[in-house]
Amino acid sequence: MVFADPGEARARAQGVLDAGPSPWRASVAHQVIGIWQRDWGDMKMALHHLRQARDLAARAQAPDREADVLAALGVALVHAGRTRQGLEALERGVTVSSGHTRARVLFRRAYASWVLGRHREALEDVRRAVPVLRQADDVIWTARALTLRATVHLALGAVDRADADFTAAEALWDTTGQDHDKADVVESRGLAAFRQGDIPAALRLMDEAEERYAKLGTPSFMLSIRRCDVLMAAGLAPEALTVADAAIGALDGIGGQSTRKAELLLAAARAARLADDPHTAIARAALAVRLFAGQRRTWWETHAQLVLLQSRVASGRRSGRLVADAAAVAERLASFGAPAAPEASLLAGRIALGLGWTADAERHLTVAARSRHGGPPLARMTGWAAQALRARAAGSGRGVLEACRRGLDVLDDHRMTLGASELRARATEQGAELAALAQQASLDSGGPRRLLTWSERWRATVLAAPPTRPPADPALLGDLTAFREIAARAEEGRRDGRPIPVLEREQRRLEREIRSRTLHLRGAAPGAEDRFEPARLLRRLGDVRLVELAVLDGRVQVLLCGQGRVRRFEAGLLADAETEAEHVQAGLRRLAHPGAEGRLPVVEAMGRRLEELLLGPAAAQLGSGPVVVVPPGRLHSVPWALLPSLRERVLSVSPSASSWLRARETEPPPGGRQVLVRGPGLATGGAEVSELADRYGAPLLLEEDSARATRVLEALDGAALAHIAAHGTFRADSPLFSSLRMADGPLIVHDFERLDRSPYRIILSCCDTARLAAVGADELLGLVTALLPLGTAGVVASSAPVNDAAVVPLMLALHKGLETGLSLAEALRDARAALPGDALHQATGWAFTAFGAA
């Protein structure tokens, strides 16, 4: 019962003890309480009860009873870090038992061997146990043994064998009432899905397992460890670190298993390293190494040593000793049959390359490169990275480019299995090194066209296809509606000065639910993507100049495309440009308020400095026609119209040249329907909307109570032009919850992703609507990038706070230009020129940017 209804089992066991039982019955009761404490409570209490159970079984002179208790005690001692004592108890349990009981003891010893990382010993014990358990028709223990064997197969990389055992175990579990064991097999299936590269399925199954454990009231620290692995593979390392640290705190709070604490520390170390926090990673990994060593868990200790070495290298350390240590770790991992062995060989090769030890580097990289032909996607990525480094060390630019192409193709296929735009964006981080190696090889070859091709290869890839969305998912639609209502009530409470902690907690819970459901979505099957071709871009540009900014070794490379050729110029340091862009944003915030006119010359000077850093000598080569700027993700907050050479031009911005081409070739929808939306709480009351309604004659007008989220989405779907005057909120912590405030609450990015076709042109006239979060290799998440893959060819939005009153004349002038047939970029240029020359209106014009090509 302890794994079917743990709380009830514990209560019943205590009832047995309270009734003055015989030694045999008391032994069973103490064992049940000991198992409960071992798996979900205090290890000291667990050992106390299990030792009492052992002594009582001896008094009852029941060898099989004693053997059963010794097996449970042995597992507890192993989990407490007392490995020698635990194995001795298990060995004695095998010795004193026979038949069916011995098979159960062998299963527990196999489990202990798995915990210790002794996988071959675990498989041998399970191999001996399964036939006996089957012959005894012991469904529960046979299912447990098959589940364990599958888990061991996964640790050894034998995914197909694991899948067969999980399938057989699940069929057996369906005939039982063992709810905790059933939750465990769902969790294990999630692990199998992860090992097969199916991250959405892994997240879904682990969420399901968590719900099952919650109903039983039993925390699962193993689930936390496995969830961390999946989150890291999904590019969500900071979240994984939060999960691991929270689980460590909870485990310490109950005095739980020492083995699980060591594993959680290892997960935290991996997450911290991937989250670019090497010092935290070093601290967590070093403690994990010490704990694993004390627990005599060599397999685990070696994995922790790998993370410790990787973290030390990430912190800037390089030495011959590190090469030797990484090589030794790689050798030990290979002897275990661990899938992580190529990672260690790649690390040794990298360090050796950095020291100029080419022969050593070649030896280690050759070993790592073998993984490129098989296994899950990220393992093959490791192999292709090693192959690219080998080619670079040999001076073969062609070899570098071929390895990078093959590696990024693997990651493309993996990325397209992910339905959520957030996961697609974050997954690109895995290809950042390959993209950088290819760009550097292209630069070394001196060919600007090749550098442009590779700059495009891994830039804004999320915009190449719309996210997978479930328009008929009632649970997701219900969560979105509830979120809007709670968020609206919370906002009202803040305005009234009322405390709203309950509403804020519920809002956070709903955000987690919405995000979780979105992350579960699978993408479409990988298909042939439309590869970028510089010649096609140059044909389509006409008199337009496209300026693509690439970053290599921290310096901005300007690729100026136009007049049938691509030219390269070198500009300033990216770090300097980012700092200057932050100063400009602060200056624009000041200028959005009356009385800050004295700051205008300072902001204009910042614009000149930004131009030097971002365009360099290319600024003098732009000609007189329209300009499209394609910045890296980290520079999308730059108000490009502030730069002197761009200030009076027809100027648009695009996340990539490919994205601009798609926008240029997007046809407007038939009918030419216009939609005007005015949200609540605007200082001017959205004054431009009323005048635009008169000007357009019969647009679809939504304002006051009619501007409700569902109605607005229906109106926007397939519109030719939409103008939304509504307060915008950018969420840097969760960019897909960035929102526009409607009458019934926030309209978030997840809502827009449900549109069949977003408006061909859309104008967002309030603050922060163009702010984007840079994630992954060079991806952007936010409102603008949610619209572009769904049929929007042009957006006008603000990347900085603006003055509501000053926005009105800018918007009216913008629409006046659109009525005469101008593009968004042309109309915005003319609208800026028509504004009064004071600082407030100048800053308002600079804050708005035209995105796309419509």
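As shown above, the structure is provided for reference.
All of the points below concern the structure found in this document. (Residues numbered from 1 in each chain as written. Predicted model: local features only at pLDDT ≥ 70, side-chain atom pairs only at ≥ 80, totals over all residues. Heavy atoms only, no water.)

This brings us to the overall build of the protein chain. Counting secondary structure elements, the protein chain contains 37 helices and 16 strands. A compact globule built from 854 residues should have a C-alpha radius of gyration of about 29 Å, and the protein chain, at 31 Å, falls within 12% of that. In terms of principal-axis extent, the alpha carbons of the protein chain reach across some 100 × 65 × 50 Å. Burial statistics for the protein chain: of 854 residues in total, 58% are counted as buried. For the protein chain, restricting intrachain contacts to residue pairs at least 6 apart in sequence, the fraction spanning at least 24 positions comes to 70%. If you sum the accessible surface of the protein chain, you get close to 32,900 Å²; carbon and sulfur atoms cover 49% of it. (Helix = DSSP H or I, 4+ residues; strand = E, 2+ residues; numbered from the N terminus. Rg over C-alpha atoms; globule rule 2.2 N^0.38 Å. Buried < 20%, exposed > 50% of the residue type's maximum accessible area, 1.4 Å probe, protein only. Contact = heavy atoms within 4.5 Å. Areas by Shrake-Rupley, 256 points an atom, 1.4 Å probe, with all protein chains shown as cover.)

For soluble globular proteins, the rule of thumb is that nonpolar side chains tend to be buried together. Counting residues in each nonpolar core, the largest one holds 134 residues, and the members touching the most others are Ile199, Leu333, Cys404 and Leu423. When neighbours within four sequence positions are excluded, leucine 423 is seen to be in contact with Ile199, Leu203, Ala234, Leu236, Leu418 and Leu519. (Core = buried A, V, L, I, M, F, W, Y, C linked by side-chain atoms within 4.5 Å.)

The next subject is unusual backbone geometry. For aspartate 137, which is not a glycine, the phi torsion comes out positive at approximately 55°. Here aspartate 137 falls in the exposed class, since its relative accessible area comes to 62%. Non-glycine residue alanine 460 carries a positive phi angle of around 50°. In this fold, alanine 460 is placed in the loop between helix 24 (448-457) and helix 25 (474-496).

In terms of burial, strand 6 (residues 674-678) is largely enclosed, as four of its five residues are buried. Across five bridges, the pairing between strand 6 and strand 8 (residues 721-725) is parallel. Bridge pairing links valine 677 to isoleucine 724 in strand 8. Note: strand 6 against strand 7 (residues 700-703), four bridges, orientation parallel. Across the sheet, the residue bridging to valine 675 is leucine 700, located in strand 7. For the handedness criterion, the β-α-β arrangement of strand 6, helix 31 (residues 687-696) and strand 7 is classed as right-handed. (Pairing = 2+ DSSP bridges. Right-handed = clockwise from strand over helix to strand, strands pointing away.)

Helix length check: helix 4 (residues 63-79), at 17 residues, gives a terminal C-alpha distance of 24 Å against a target of 24 Å (1.5 Å per residue), a fit within 8%. For helix 4, the tally of buried residues reaches 15 of 17 residues, placing the bulk of the element in the interior. Where helix 4 ends, the next residue or the one after it, glycine 81, has phi of about 90°, a positive value. (Expected span 1.5 Å × (residues − 1).)

A few words on the environment of arginine 508. The residue arginine 508 is located in helix 26 (residues 501-519) in this model. Along the backbone, arginine 508 and glycine 316 are 192 residues apart, and their C-alpha atoms lie at a distance of 38 Å.

This next bit is on the packing of helix 8 (residues 139-155) against helix 9 (residues 159-173). Taken N-terminus to C-terminus, the directions of helix 8 and helix 9 make an angle of 160°; their axes are 8 Å apart at the nearest point. Classified by the angle their axes make, helix 8 and helix 9 are roughly antiparallel. The handedness of the crossing between helix 8 and helix 9 comes out as left-handed. Note on element contacts: helix 9 touches helix 8 through Val159, Arg161, Ala162, Asp165, Phe166, Ala168, Ala169, Leu172 and Trp173, opposite Val139, Ile140, Thr142, Ala143, Arg144, Leu146, Thr147, Arg149, Ala150, Thr151, His153 and Leu154. (Axes fitted to C-alpha atoms, helices over the stretch in contact; angles between N-to-C directions. Parallel < 35°, antiparallel > 145°, perpendicular 65-115°, else oblique. Left-handed = near helix turned anticlockwise from the far one by under 90°.)

What follows covers the packing of helix 9 against helix 10 (residues 179-195). Between helix 9 and helix 10, the least distance of the axes is 10 Å, while the angle of their chain directions is 155°. Here helix 9 is positioned roughly antiparallel relative to helix 10, judged by the angle of their axes. Relative to helix 10, helix 9 is oriented so that their crossing is left-handed. Only Asp181, Lys182, Val185, Ser188, Arg189, Ala192 and Arg195 of helix 10 make contact with helix 9, whose side of the interface consists of Val159, Phe166, Glu170 and Trp173. Residue composition of the contact of helix 9 with helix 10, grouped by class: five nonpolar, one polar and five charged. (Nonpolar A, V, L, I, M, F, W, Y, C, P; charged D, E, K, R; others polar.)

Quick look at the environment of aspartate 163 now. Along the chain, aspartate 163 turns up in helix 9. For aspartate 163, a relative accessible area of 37% puts it in the partly exposed group. Once the C-alpha coordinates of aspartate 163 and threonine 147 are considered, the two residues, 16 residues apart in sequence, prove to be 9.8 Å apart.

A word on the packing of aromatic side chains. Inspection of the entire model under this criterion finds seven aromatic pairs. Seen in terms of ring centroids, tryptophan 299 and tryptophan 300 are 5.0 Å apart; in terms of plane orientation they differ by 75°. Their pairing is edge-to-face. One residue, arginine 10, lies across the ring of tryptophan 36, its end atom 4.1 Å from the ring centre. (Phe/Tyr/Trp six-rings, centres within 6.5 Å; stacked < 30°, edge-to-face > 60°. Lys NZ or Arg CZ within 6 Å of the ring centre and 35° of its normal.)

A separate point is the pairing of strand 11 (residues 745-748). Of the pairings in the sheet, the one linking strand 10 (residues 739-742) to strand 11 comprises four bridges and is antiparallel in character. Counterpart to serine 739 in the pairing with strand 11 is isoleucine 748. Linking two consecutive strands that pair antiparallel, namely strand 10 and strand 11, is a turn of two residues.

Okay, the pattern of salt bridges next. This model, assessed by the stated rule, comprises 63 salt bridges. Here aspartate 751 ties to arginine 754 by a salt bridge, and the two come within 3.3 Å at their closest N and O atoms. On the basis of relative accessible area, aspartate 751 is assigned to the buried category, the value being 1%. Overlapping salt bridges bring together Glu402, Arg405, Arg406, Asp409, Asp412, Arg415, Arg457 and Arg531 as one network. (Salt bridge = Lys/Arg side-chain N within 4 Å of Asp/Glu carboxyl O.)

Purely geometric numbers; function is a separate question.
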